[in-house]
Amino acid sequence: MAEFGVVTPSVEVAGVKQPTATGKALSVVALRKTYGDVVAVDEASMEIAAGEFVTFLGASGSGKTTTLMMIAGFCEPDSGTITVGDRDVTKLAPQKRNLGFVFQQYLLFPHMTVSENVAFPLTLRGVPKDEIRRRVGETLEIAGLSGFGSRRPRELSGGQQQRVALCRALVYRPPVILMDEPLGALDKKLRDQLQIEIKTIQQELGLTVIYVTHDQEEALVLSDRIAVMRNGLIEQFDTPRELFERPRTPFVADFLGAANFLPGRVLQNTDAHTVVRLDQSGGLLKARRHDLASGTPVKVAVQPGRLRACAPDDGFCTGTVEIATYVGTLVRAGVRIDGGDAPLLRLEVPAGRGPVTGERVGITVDPEDVNLFPTEQGG
Ligand code: ADP
Ligand code: MG
């Protein structure tokens, strides 16, 4: 695989177009892996463009690591193919795939200095010493580690060690870098900071990254596209906005936005809207047009941030604010809807405009923000 050529220092990097950062970087087709009865990954398929930041997001055990390890070559698929650029690498050894890795455990060599650690992939590839020194220096500078080259890993903080691990993956400019929960061991503040640094470096260098996390917020911050995984299946592979605003399943609606779900039945369709009668309140709710026949039982899904409190007569239902919690810029409210014992409806409204505990309110929503999922008859 061709190198990107001259590595430029961080100050000049922003304006430099990476020549290979176009087209298809990686694709997997019908990738499958079983362990006995457990289907760890079930026919995963996706195509990732060069320069894209893609995240596998899912709960523990959903198959994220197994998918990544198959791409890396540390885990042999039962079936399916993996292509890097135009090359089928399915049967190749990990070191022949030319991919970079960063894992949760930093896996730095404790007896080597920072510079030696970062130099390792180049040393392994027989790159001349002068070239190594130059590239290591530049890479450390990009990650804000100039001046740390002669330290040992134990003389660094967790965040600095993770940056060194990142440098070691970056230094030979692999076409694709794989990261498995690289920030999982760090505290929240450091994680937030390193997320931004990783994203900045990725954009400046035009890197293709496949990233694994179970943290929704982290995935939203970093990703161009997110593959939401569940029980070994890719539930939806889309941009953060699409996943949030147009979830294709109730699971995705709940996993990314903690949606409210209200049972109801389609009453009628107009040109622009689908009108639903809610089971609990009997109220009518307008959703953007869905392709569902009258009478279809549905789950209405709305994100808490898209609901608004209004005058009791103006909403699709009424209720009483049972709890209102101030959380910085937001107020989170729980509203007990009249006419049944459904879970509290959750609202998130800008602080200062929030409803207060005990208040009688109506609830309203923009039809564009309402997603409908047909439910099993009687389910
Ligand atoms: P994630 O990274 O999303 O937490 P994994 O890919 O590690 O999930 O695991 C997916 C499923 O495969 C889980 O049910 C897990 O227990 C199983 N699994 C993973 N690796 C092995 C293994 N080496 N042997 C047996 N089962 C495994
Ligand atoms: Mg994992």
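All figures in this text were calculated on a predicted structure; none of them were measured in a lab.

*Asks:* Looking at this structure, how should I read the sheet that holds strand E3 (residues 53–58)?
*Replies:* The strands making up a sheet associate through backbone hydrogen bonding, with each pair oriented either parallel or antiparallel. Spatial strand order, E6-E7-E8-E3-E9-E10: 6 strands in an open sheet with mixed pairing. Edge positions in the sheet fall to strand E6 (99–103) and strand E10 (233–238), since each has one partner strand and no second. In this sheet, neighbouring strand axes are inclined to one another by 15° on average, regardless of whether the strands run parallel or antiparallel. Here E3 runs beside strand E9 (residues 225–230); their pairing, made up of 5 bridges, is parallel. Bridge assignment links Leu57 to a residue of E9, and that residue is Val228. Packed on one face of the sheet, helix H10 (residues 250–257) meets E3, E9 and E10 and runs near 115° to E9.

*Asks:* Honestly, the nonpolar core in this entry has me stumped. Any pointers?
*Replies:* Membership of the largest hydrophobic core comes to 36 residues, with the highest contact counts inside it found for Val118, Ile177, Met179, Ile198 and Tyr211. Elements represented by at least two residues in this core include exactly helix H4 (114–124), helix H5 (129–142), helix H6 (158–170), strand E7 (176–180), helix H7 (188–205) and strand E8 (208–213). No other element matches the 6 residues that H6 contributes to this core. Setting aside residues no more than four positions away along its own chain, Val118 makes contact with Val136, Leu140, Val164, Cys167, Arg168 and Val171. Among the nonpolar cores identified, the runner-up in size contains 29 residues, and Leu26, Val41, Val176 and Ala227 belong to it.

*Asks:* Explain the site of ligand 1 here, please?
*Replies:* The full set of residues close to ligand 1 is Tyr35, Val38, Ala40, Ala59, Ser60, Gly61, Ser62, Gly63, Lys64, Thr65 and Thr66. Here Gly61 contributes a backbone N or O atom positioned 2.7 Å from an oxygen atom of ligand 1. For ligand 1, an oxygen atom lies 3.2 Å from a polar atom in the backbone of Ser62. Coverage of ligand 1 by the protein amounts to 58% of the 570 Å² it exposes when considered alone. For the shell around ligand 1, the secondary structure elements donating two or more residues are strand E2 (38–49) and helix H2 (64–72). Top element by residues in the shell around ligand 1 is H2. It accounts for 3 residues. The residue inventory of the shell around ligand 1, partitioned by class, reads 4 nonpolar, 6 polar and 1 charged.

*Asks:* Would you take a moment to explain the domain arrangement of the protein for this structure?
*Replies:* One widely used convention gives an interface's size as the accessible area the parts lose upon coming together. When cut into domains, the protein gives domain 1 (10–99 + 174–250) and domain 2 (261–377). Its C-alpha centre places domain 1 at a distance of 35 Å from the equivalent point of domain 2. Each side of the interface is counted separately: domain 1 has 7 residues, and domain 2 has 8 residues. Across the domain 1 to domain 2 interface the summed buried area is about 690 Å²; carbon plus sulfur atoms make up 52%. The tally of links from domain 1 across to domain 2 stands at 2 salt bridges. Linking Arg246 and Glu368 is a salt bridge whose minimum nitrogen-to-oxygen distance equals 2.9 Å. Along the contact surface separating domain 1 from domain 2 lie 2 residue pairs in polar contact (both at pLDDT 80 or more).

*Asks:* Please explain the side chain of Thr66 as it appears in this structure.
*Replies:* Within the secondary structure, Thr66 sits in helix H2. A residue is classified by how much of its surface remains accessible, and Thr66, at 15% relative accessible area, is buried. If we ignore the near neighbours within four places in the chain, the residues touching Thr66 are Lys33, Tyr35, Ala40, Val41 and Cys75.

*Asks:* What's the story with the environment of Ser146 in this structure? I'm lost.
*Replies:* Inspection of the secondary structure puts Ser146 in the loop between H5 and H6. Not counting residues up to four positions away in its chain, the partners in contact with Ser146 are Leu140 and Glu141.

*Asks:* For this particular structure, what's the right way to read the packing of aromatic side chains?
*Replies:* Between two aromatic rings, the relevant description is the distance of the centres plus the angle of the planes. All told, the structure shown has 4 aromatic pairs when counted by the stated rule. Consider the rings of Phe251 and Phe255, whose centres lie 5.4 Å apart with planes at 10°: the pair is stacked. In this pair, Phe251 and Phe255 both sit in helix H10, 4 residues apart, roughly one turn of the helix. Assessed through its relative accessible area of 23%, Phe251 is described here as partly exposed. Directly above the aromatic system of Tyr172 lies the positively charged group of Arg125, at a separation of 3.8 Å from the ring centroid. Here Lys299 stacks its cationic end above the ring of Phe261, 5.1 Å away from the centre of that ring.

Analysis parameters
Residues numbered from 1 in each chain as written. Chains lettered and ligands numbered in written order. Predicted model: local features only at pLDDT ≥ 70, side-chain atom pairs only at ≥ 80, totals over all residues. Heavy atoms only, no water. Pairing = 2+ DSSP bridges. Helix = DSSP H or I, 4+ residues; strand = E, 2+ residues; numbered from the N terminus. Axes fitted to C-alpha atoms, helices over the stretch in contact; angles between N-to-C directions. Contact = heavy atoms within 4.5 Å. Core = buried A, V, L, I, M, F, W, Y, C linked by side-chain atoms within 4.5 Å. Buried < 20%, exposed > 50% of the residue type's maximum accessible area, 1.4 Å probe, protein only. Near = heavy atom within 4 Å. Polar contact = N/O pair within 3.5 Å; in protein donor to acceptor, adjacent residues only side chain to side chain. Areas by Shrake-Rupley, 256 points an atom, 1.4 Å probe, with all protein chains shown as cover. Nonpolar A, V, L, I, M, F, W, Y, C, P; charged D, E, K, R; others polar. Domains from an automatic or database assignment. Buried area = accessible area lost by both parts, 1.4 Å probe. Salt bridge = Lys/Arg side-chain N within 4 Å of Asp/Glu carboxyl O. Phe/Tyr/Trp six-rings, centres within 6.5 Å; stacked < 30°, edge-to-face > 60°. Lys NZ or Arg CZ within 6 Å of the ring centre and 35° of its normal.

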